[in-house]
Amino acid sequence: MGKIIISENVSLDGVVQDPTGDEGFSRGGWFLQLGDEDREAWAKRLLDEALGAEALLLGRRSDEWFAARWLSRNGEWADRLNSLPKYVVSSTLQEPRWSNSTAFKGRVLNGDVVDEVAKLKQELDGDIVVYASTQLVHTLLEHDLVDELRLTIFPVVLGAGERLFGETTGREPMRLIDTRTVGDGLAFLTYQLVRDA
C-alpha cells in the first residue's frame, strides 16, 4: 500500500505561497534568500526524497509549473523527477504537461479526488510524494489521506499569504518522528498523522 507524503517548503508562519516570486505575490520570493550552502543541502534532501519515491501526485497548476522548469534540465535529480510516474488531479486538464515520451507513466485523476487517491494508495507500494499543490494538500488532509508531512522550514516570517494548513472540520493530531537541520539555516521536520486519536 502506498503512503501519501506531503513535502513542502514553508515559512516559519506556515506560508507556502509563491516561494520563488513567480506568481506576483507581494511577499513572494522568500525561497531565493537561501545561501549556497543551504541551497545545496536542501537540494540533496530533495534528491534523496525523489530517489525514494514511487510516484508524484500533483495539482494541475503544480504540474504546469514543474514541467516548465524540469523538462529541460538534466542530471541525477532532474532525471529522477522527470522519470517518476506522475498523477495529476484536475477537473479540466486532459493531458499533463510534466511529461516526456519515454518516461512519463502518469495519468490525470478526474472525478472524485478522494476516491481516486484512495485507489491510487491501494495500487502503488511506496511513497507517493506531493509537492506544492496547496488546494490538493488541503483536500487530502481533510479526508484523512495523508500519512506523513515533510516540512522544510525557512527562517522567515511573511505575515500574510496562503498557508499550508487551511481551515479543517476537526483536529489533525500529528506525531513528530524526525527533526534535522538542513544546511545552516533550515529546519526539516517530519510528522506522521495519528489515526484514531
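See the structure above.
For every chain, the first residue of the written sequence is number 1, and numbering continues from 1 onward in sequence order. Residue-level local features of this predicted model are given only where pLDDT is at least 70; pairs of side-chain atoms are given and counted only at 80 or more, and the full residue set underlies all totals for whole chains, interfaces and linings. With hydrogens and water excluded, all non-hydrogen atoms of the structure serve as input to the side-chain values.

1. Digging into the environment of Gly2
Item 1. A run of H or I in DSSP counts as a helix once it spans at least four residues, and a run of E counts as a strand once it spans at least two, with each numbered from the N terminus. Examined against the element boundaries, Gly2 turns out to sit in strand 1 (residues 2–11).
Item 2. For the exposure calls, accessible area comes from a 1.4 Å probe over protein chains only, and a residue counts as buried if that area is under 20% of its type's maximum, exposed if over 50%, partly exposed in between. Since its relative accessible area comes to 4%, Gly2 is described here as buried.

2. Points about helix 3 (residues 76–83)
A turn of α-helix holds 3.6 residues, and therefore any two residues three or four places apart point the same way.
Item 1. Residues Trp77, Ala78, Leu81 and Asn82 constitute the buried set of helix 3. Projection of helix 3 onto a plane perpendicular to its axis shows the buried side chains occupying an angular sector of 120 degrees, all on one side.
Item 2. Two residues qualify as a contact provided that any one of their heavy atoms is within 4.5 Å of a heavy atom in the partner residue. Those residues of helix 3 hidden inside the fold are in contact with helix 1 (36–52), strand 2 (53–59), helix 2 (60–70), strand 3 (86–89) and strand 5 (126–131). For this quantity, the arc is that covered by the directions from the helix axis to the C-beta atoms.

3. Regarding the packing of aromatic side chains
Item 1. Here is the rule: rings of Phe, Tyr and Trp (six-membered ring for Trp) pair when centre to centre is within 6.5 Å. Planes less than 30 degrees apart are stacked, more than 60 are edge-to-face, and the remainder are tilted. Within the structure shown, the criterion is met by seven aromatic pairs.
Item 2. Note on geometry: a ring has a charge over it if NZ (lysine) or CZ (arginine) is within 6 Å of the ring centre and within 35 degrees of the ring normal. Lying across the ring of Trp70, Arg73 places its NZ or CZ 4.4 Å from the centre.

4. Concerning the layout of surface pockets
It is the rolling of a water-molecule-sized probe over the atoms that shows where space remains empty.
Item 1. A pocket, in this scheme, is an open set of points on a 1 Å grid over the protein atoms alone with protein on both sides within 12 Å along at least 5 of 7 lines, while a cavity is a set where a 1.4 Å probe fits but cannot get out; residues line either one if an atom lies within 4 Å of a point. Grid points are joined across faces, edges and corners, and a volume is the space filled by probe spheres set on the points. Each pocket or cavity is described by its volume, and for the largest pocket that value is around 1200 Å³.
Item 2. In terms of lining, the largest pocket is formed by 39 residues, of which the most central are Ser62, Phe66, Tyr131, Ala132 and Ser133.
Item 3. At the level of elements, strand 1, helix 1, helix 2, helix 3 and helix 5 (134–142) are the ones that each hand at least two residues to the lining of the largest pocket.
Item 4. Ranked by residue count, the leading element in the lining of the largest pocket is helix 2, at seven residues.
Item 5. Charged residues are taken to be Asp, Glu, Lys and Arg, nonpolar residues to be Ala, Val, Leu, Ile, Met, Phe, Trp, Tyr, Cys and Pro, and polar residues to be all remaining types, Gly included. Taken together, the residues that form the lining of the largest pocket break down as 15 nonpolar, 13 polar and eleven charged.

5. A few points about a negative patch on the surface
Item 1. Taken together, Asp36, Glu37, Glu40 and Asp184 make up a surface patch of like negative charges.
Item 2. For Glu37, the position within the fold is in helix 1. In this scheme, patches are assembled from residues that exceed 30% relative accessible area and form no salt bridge. Like charges are connected within 9 Å, while nonpolar side chains (Val, Leu, Ile, Met, Phe, Trp, Tyr) are connected within 5 Å. Surface accessibility follows the Shrake-Rupley procedure with a 1.4 Å probe radius. Residue values consider only the protein chains on display as shielding. Each salt bridge in this description consists of a side-chain nitrogen of Lys or Arg and a carboxyl oxygen of Asp or Glu lying within 4 Å of one another. The charge count treats Lys and Arg as positive and Asp and Glu as negative. His and the chain ends do not count. A single reference atom marks each charge: NZ on Lys, CZ on Arg, CG on Asp, CD on Glu.

6. A short note on the pairing of strand 1
Item 1. Burial of strand 1 is extensive: nine of the ten residues sit out of reach of the surface.
Item 2. Here six bridges tie strand 1 to strand 5, and the two strands are oriented parallel to one another. Paired with Ile6 across the bridge in strand 5 is Val130.
Item 3. Two strands pair if DSSP finds at least two bridges between them. Bridging between strand 1 and strand 6 (residues 148–154) involves seven bridges; their strand directions are parallel. Looking at the pairing, Ser11 lines up with Phe154 of strand 6.

7. A few points about the pattern of salt bridges
Item 1. All told, the structure shown has 13 salt bridges when counted by the stated rule.
Item 2. Across the salt bridge formed by Arg60 and Glu64, the nearest N and O atoms sit 3.2 Å from each other. Here the residue Arg60 and the residue Glu64 both occupy positions in helix 2, the gap between them amounting to four residues, near one helical turn.
Item 3. Taking the shortest distance from any N to any O, the salt bridge between Arg195 and Asp147 comes out at 3.0 Å.

8. Concerning the packing of helix 1 against helix 3
Item 1. Two numbers describe how helix 1 lies on helix 3: the axes approach to 10 Å, and their chain directions differ by 40 degrees. When the axes of helix 1 and helix 3 are compared, the crossing they make is left-handed. Between helix 1 and helix 3, the contacting residues are Trp42, Ala43, Leu46, Leu47, Ala50 and Leu51 on the first element and Glu76, Trp77, Arg80 and Leu81 on the second. Between the N-to-C directions of two axes lies an angle of 0 to 180 degrees, each axis being a line fitted to C-alpha atoms and, for a helix, fitted only over the stretch in contact. Crossings are sorted by hand: turned counterclockwise from the far helix by less than a right angle, the near helix makes the crossing left-handed, and turned clockwise it makes it right-handed.

9. Side note on the nonpolar core
Item 1. The term nonpolar core refers to a set of buried residues drawn from Ala, Val, Leu, Ile, Met, Phe, Trp, Tyr and Cys, joined through side-chain atoms within 4.5 Å. Core analysis: the biggest nonpolar cluster contains 29 residues, and Trp42, Trp77, Leu81, Trp98, Tyr131 and Phe154 have the highest contact counts within it.
Item 2. The set of elements that each furnish at least two residues to this core consists of helix 1, strand 2, helix 2, helix 3, strand 5 and strand 8 (186–193).
Item 3. Looking at which element gives the most residues to this core, the answer is helix 1, with five residues.
Item 4. Ignoring anything within four residues of it in the chain, the contact list for Trp42 reads Asn9, Phe31, Trp77, Thr152, Phe154, Val182 and Leu186.
Item 5. By size, the runner-up hydrophobic cluster in this structure holds 27 residues, among which are Tyr87, Val130, Leu145 and Val146.

10. Structural notes on the side chain of Ser11
Item 1. Its location among the elements puts Ser11 in strand 1.
Item 2. Here a polar contact means two N or O atoms within 3.5 Å. Within protein one must be a hydrogen donor candidate and the other an acceptor candidate, and residues neighboring in sequence count only if both atoms are side-chain atoms. A distance of 2.5 Å separates a polar atom in the side chain of Ser11 from a polar atom in the side chain of Asp13.
Item 3. With near-sequence residues (within four places) excluded, Ser11 lies in contact with Trp30, Ile153, Phe154, Val156 and Leu158.

Treat this as a map of the structure, not an account of what it does.
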